[in-house]
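Below, each chain spelled out in residue letters.
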Amino acid sequence: MPGRTKTPSDVLAFAKDNGVEMVDLKFMDFVGQWQHLGVPIRELKEGTFEDGLGFDGSSIRGWQPINASDMLVIPDAATAEIDPFYTNCKTLSLLCDIADPITREGYSRDPRYVARKAEAYLKQSGIADTAFFGPEAEFFIFDDVRFDQTPNAAFYAVDSEEGVWNTGRSEGGPNLGHRPRHKEGYFPVPPIDSLSELRHVMVQTLEGVGIEVEREHHEVATAGQAEVNYRFSSLLDAADTLMWFKYIVKNVARLNGRTVTFMPKPLHGDNGSGMHCHQSLWKDGKPLFAGDRYAGLSETALHYIGGILKHTPALCALTNPTTNSYRRLVPGFEAPVNLAYSGRNRSAAIRVPVADSSPKAKRIEFRVPDPTCNGYLAFAAMLMAGLDGIENRIDPGEALDKDIYGLSPEELADVPSAPGSLEEALNALKADHAFLLKGDVFTEDVVHSWVDYKMTHEVNYIRTRPTPSEFFLYYNI
C-alpha cells in the first residue's frame, strides 16, 4: 500500500489536516482475525508509536495466560489510513505490532512479528532482499445466512438471488429468474451477474485506502462467488493488504444489505473459494525467478518450487487452516490436491503463469491455499519453505503438463497429494517444521500453540458433533 514512509509526526499532521477525531488501532490475533480498540485523537502522541498502549493479552485467542496478561499494542505509523466505514466520526486507522511490556521485544505469537522476521531472514540469507506476494482471495456474496449449533440441534442455510437453488426469497417482489447455473458463473454479463455494481463499490473503497485493484469479476460458482484482484506487494505489505481487503469487502456488502464469507466451501456441489498465491523473489531490483529452464524459470525458482512441494503437507496446516478447507481440497474436483507443478496448467498445485513474457512478471502461483488463512503466518511459511528448497537445492522433479484430473489411477500413483483433513495437516506440521524455525522466524512455541489450538478448538469440536448429513444418512439405519 502507498505511503509506507509516513513517520509519527507525519501521521499527527495528517490527522489534524483531515479533522480526525478518533483512532482505530487494529492488530491480528493468533488465529487470523483482526481485533481493534479505539482512542480519542488526543491520546495519540509521537511517543505512542514507541511506547504503545496496554491491553489484556489473555482475552485474545491463543495468546497469554491470565497470570501474564499485560501486553502492548504499538501502532505502525507507516500504515495510517482514514477508515472508510466510520461516517459519523472521522477515524484514523493504524495497524499495530504487539510487544511484551517488560522486555519491549516483539511478541512471538504476534503474526505480524512472524512476517517481519521472515522478511529479515530473507535478507540475512543473501538469497534475495524482497519476496513479493499476490494473493487472490475468492469469496461468496450471499443475501441471507442463518446457522446455529446447540446440544440437540444444528443447521445452516444460505440464500442468494443468484443461486440456482434460489428459495424464492424476493422481498415481496418478482423473482426474475436470471442467475448463473452451477459452475457457469465465470464472466456472464448482467442481469445474470447481478453483483457487478456491488463489486465496483468494493473496488472504489479499496482504492480509497491505497489498494491498487487490477480487475474484478464473477467467479465460477453460482450464488455470487467473486474475485477482486489487487496488485502484489512485499510480504508484510501483502499480509496487511489482505486484512484491509477482507475488512472492506465484508463491510461494503453489509452496507448494501448483503453478507460476504471467505469460507472455502460454503456450498455443496459447486466450486469452492481458494486463495491462489503468486510469489517471486527479487534482489537489488532484479527478478530471480526468470531464466532459461522450464517455462522460462530460473534454477532458483525451480528449487523454490521444490521446497514448496516438499513441505506442502505441513504448509497446509497454515495455508488451509480450517476443517472446512478440506471440503474444498477433495480429489476429482477443481481444487489442486495433486502436488505437481506445470506451466499454464490450472490443475497443478503450482502453476507457472505465462501470459506475460517479461522477466519482471516471472513468478509461481501456489494454488492450494484458501482465504481462511492468517496471511502473516501463511506467507511467512511459504517463503520459508521456498527458501529451504533453494538452500538445499531441492529438485521438484519433472513438470506435469497433462490434465491431472484426466489421468488414470496408475498415472496418479506417483503424484503425492495434499492432506485430506485438518488433523492430517496438523500432524504433518508437527513432524515437519524445522524449516520454519530458521532465523527464529517461527518458534517451537508458535508451532505447538498453533497445533494445540486447532486440535482443541476445531478438530475435536467437529469430531464430537453429529451433523445434519449424518442424520440424513443414518437416522433410519
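In the block above lies the structure referred to throughout.
Calculation criteria
- Residues numbered from 1 in each chain as written.
- Predicted model: local features only at pLDDT ≥ 70, side-chain atom pairs only at ≥ 80, totals over all residues.
- Heavy atoms only, no water.
- Helix = DSSP H or I, 4+ residues; strand = E, 2+ residues; numbered from the N terminus.
- Rg over C-alpha atoms; globule rule 2.2 N^0.38 Å.
- Buried < 20%, exposed > 50% of the residue type's maximum accessible area, 1.4 Å probe, protein only.
- Contact = heavy atoms within 4.5 Å.
- Areas by Shrake-Rupley, 256 points an atom, 1.4 Å probe, with all protein chains shown as cover.
- Lys, Arg positive; Asp, Glu negative; His and termini not counted.
- Charge placed at Lys NZ, Arg CZ, Asp CG, Glu CD.
- Phe/Tyr/Trp six-rings, centres within 6.5 Å; stacked < 30°, edge-to-face > 60°.
- Pairing = 2+ DSSP bridges.
- Polar contact = N/O pair within 3.5 Å; in protein donor to acceptor, adjacent residues only side chain to side chain.
- Axes fitted to C-alpha atoms, helices over the stretch in contact; angles between N-to-C directions.

Caption draft 1: The arrangement of the overall build of the protein chain in detail. Along the backbone of the protein chain there are 13 helices and 19 strands. Over its C-alpha trace the protein chain gives a radius of gyration of 23 Å, about what one expects of a compact globule, namely 23 Å for 477 residues. Taken over the C-alpha atoms alone, the protein chain extends approximately 65 × 65 × 45 Å along its principal axes. Counting every position in the protein chain, which comprises 477 residues, the buried fraction comes to 53%. Within the protein chain, contacts between residues at least 6 apart in sequence are counted, and of these 70% link residues at least 24 apart. When the accessible surface of the protein chain is split by element, carbon and sulfur atoms take 51% of a total near 21600 Å². Separation between the mean location of the 47 positive side-chain charges and that of the 66 negative ones in the protein chain comes to 1 Å.

Caption draft 2: Quick peek at the packing of aromatic side chains. Tallied over the entire structure, the rule returns 20 aromatic pairs. With 5.1 Å between their ring centres and 45° between their planes, phenylalanine 27 and phenylalanine 55 make a pair best called tilted. With phenylalanine 27 in strand E1 (residues 22–28) and phenylalanine 55 in strand E3 (residues 53–56), the pair connects residues that are 28 residues apart, well separated along the chain. According to the relative accessible area criterion, phenylalanine 55 is buried, its value standing at 15%. Between phenylalanine 85 and tyrosine 247 the ring centres are 5.5 Å apart and the planes differ by 80°, which places this aromatic pair in the edge-to-face class. Separated by 162 residues along the polypeptide, phenylalanine 85 in the loop between strand E5 (81–82) and strand E6 (91–99) and tyrosine 247 in helix H5 (residues 235–255) bring together distant segments of the chain. On the basis of relative accessible area, phenylalanine 85 is assigned to the buried category, the value being 18%. Judged by relative accessible area, tyrosine 247 falls into the buried class, the value being 19%. An aromatic cluster is built from Phe27, Phe55, Trp63 and Tyr107, whose rings are joined through pairwise contacts.

Caption draft 3: Broad picture of the pairing of strand E2 (residues 34–40). As paired elements, E1 and E2 share seven bridges and run antiparallel to each other. By the bridge assignment for E2, leucine 25 is matched with leucine 37. In textbook terms, the turn of a hairpin is the stretch between consecutive antiparallel strands, and for E1 and E2 this stretch comprises five residues, one of which, glycine 32, has a positive phi near 130°.

Caption draft 4: Layout of the side chain of lysine 362. Its place among the elements puts lysine 362 in the loop between strand E18 (350–352) and strand E19 (364–366). Within the structure, the side chain of lysine 362 is placed 2.9 Å from the backbone oxygen of alanine 295, a separation counted as a polar contact. Apart from residues no more than four positions distant in its own chain, lysine 362 is found in contact with Ser280, Phe289, Ala290, Ala295, Gly296, Leu297, Val352 and Pro353.

Caption draft 5: Inspection of the sheet that holds strand E11 (residues 213–218) at higher detail. With antiparallel pairing, the four strands of this open sheet are ordered in space as E11-E12-E8-E14. Edge positions in the sheet fall to E11 and strand E14 (259–261), since each has one partner strand and no second. Between one strand axis and the next, the sheet turns by 30° as a mean value, whatever way the strands run. Helix-sheet contacts for helix H4 (residues 196–208) involve strand E8 (139–142), E11, strand E12 (225–230) and E14, and the interaxial angle to E11 is about 160°. Running over the sheet, H5 touches E8, E12 and E14 and is turned about 140° from E12.

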